[in-house]
Amino acid sequence: MKLVHTVVELREEVAQAKAQGLTIGLVPTMGALHEGHASLIAAANKENDFVVVSVFVNPTQFGPNEDLDAYPRTLEADCKLAEKMGANVVFAPSPKEMYPSSDDTWVEVTGDITKVLCGRTRPIHFRGVTTVVTKLFNLAQPDRAYFGQKDAQQVEVLKRMVKDLFFPLTLRVMPIIREADGLAKSSRNTYLSAEEHTAALVLSRSLKAAKAMYEAGERDAAKITAAVTADIEKEPMSNIDYVEIYALPGLEPVATPMVGSNLLAVAVKFGTTRLIDNVVLEEK
Ligand code: AMP
C-alpha cells in the first residue's frame, strides 16, 4: 500500500490503475479510522480492483465553533488499518493541497435536503462535504464510492449531487457498524467520558424501541418521535438537538400515516460531544 500526500501523486496512481483497466473504489474519510470505516474499505476491496482511501479532516465542513482543531488525527494507525482491509493507496493531503487558491469554488446542493436535520445547526456543513467529495471524485475517478448509513443525511445529499451533476459512478451505502453495547462507531466517541458513553447508549436503545413500535403497526410519526424524545430525555446527561422523521429518498416531509421508507434521525449532545444516529423505518 502506498501513502501519498499530493494531487500529482494521486493522479499518477489513478492513471496507472486506469491504464491497466482496473476498476477503482474510493472511500472518503476524515481519518481516526475504526471498524465503520474498515467495513467500507472491505466492501470497496471486494467490489473493485484498486482501492483509494482518503484521509482528510476537511476544514470547510466545520463551523467556526466546531471541533476542527480537536478532531483526532491518527494517520499511522489509519494506514495500517487501511492496508489490512485491502487499500492500495491512502491519500492524505494537506488543506492547502485540497484548497490551493481560495475557498471560492463551491459545489452546493440547495433546498430543504441540506437545511433540515444537521443543516439547521450546521449551515455550511454540507456545502463543505459536497465540495470536497467532488474534488475527490475528480481526482480518484472511482467506479464506486463508499459511504456509511451512519451519516444518513450526507448520503441523501451526495445521492442528489451525483444524480444532478451526472457523476459517472455508483454510490454504495454500507450499514451502520456499532460497538457491542449498541453505540454507533464514530471517531468522535473518543471524546466521551465513561459516564457519557454509558448515557449515550440511550440513542441506539430508543431507536430500537422506535423500530419495534413501527413494526407493531404504529404509523404516526409524531407518536414515534415523541416516544424517542421521552426516552432520551430520561437520560440526564443528554441534550437533544433533534429527533425527527423524514421520508426517503430525499428527506421529504413525512406523511401521516407514514408510507414507504422513512428516516428516523437523532442528534444529541452528551457533554460537549454531539452524536448522531438513525434507523430506517420501512415495511419488510
Ligand atoms: P468520517 O471519517 O466520519 O467522515 O466517515 C467516513 C465515512 O465512514 C462516512 O461515509 C461515514 O458515514 C462512514 N462511517 C462512519 N462511522 C460509521 C459507522 N459506524 N458505520 C458505518 N460507516 C461509518
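Further up the page is the structure itself.
One structure accompanies this document, and this report is about it. Only a predicted model underlies this, so the values are computations on that prediction, with no experimental measurement involved.

Points about helix α9 (residues 221-233)
So, point 1. For α9, with 13 residues, the first-to-last C-alpha span of 18 Å sits near the 18 Å given by 1.5 Å per residue.
So, point 2. Within the sequence span of α9, burial applies to Ala221, Ile224, Thr225, Val228 and Ile232. Down the axis of α9, the buried set is contained in an arc of 95 degrees. They therefore lie on one face. Opposite the packed face of α9, turned more than 90 degrees from it, sit the exposed residues Ala222 and Glu233.
So, point 3. At its buried positions, α9 is contacted by α8 (194-215), β7 (238-248), β9 (261-270) and β10 (273-281).

A few points about the sheet that holds strand β2 (residues 24-29)
So, point 1. Ordered by their spatial adjacency, 6 strands build an open sheet running β1-β4-β3-β2-β5-β6, and the pairing between neighbours is parallel. The open sheet has two free edges, formed respectively by β1 (2-4) and β6 (170-174), since each of these has just one partner strand. Ignoring which end each strand starts from, the neighbouring axes of this sheet average 25 degrees apart.
So, point 2. Bridge count for β2 against strand β3 (residues 50-55) is 6 bridges, and the pairing is parallel. If you follow Thr29 over to β3, its bridge partner there is Val55.
So, point 3. Relative to the sheet, helix α2 (residues 35-47) contacts β2, β3, β5 (144-148) and β6, its axis offset from that of β5 by approximately 155 degrees.
So, point 4. Contacts between helix α7 (residues 152-164) and the sheet are confined to β5 and β6, with β6 contributing the most and set at about 170 degrees to the helix.

Thresholds applied
Residues numbered from 1 in each chain as written. Predicted model: local features only at pLDDT ≥ 70, side-chain atom pairs only at ≥ 80, totals over all residues. Heavy atoms only, no water. Helix = DSSP H or I, 4+ residues; strand = E, 2+ residues; numbered from the N terminus. Expected span 1.5 Å × (residues − 1). Buried < 20%, exposed > 50% of the residue type's maximum accessible area, 1.4 Å probe, protein only. Arc of directions from axis to C-beta. Contact = heavy atoms within 4.5 Å. Pairing = 2+ DSSP bridges. Axes fitted to C-alpha atoms, helices over the stretch in contact; angles between N-to-C directions.

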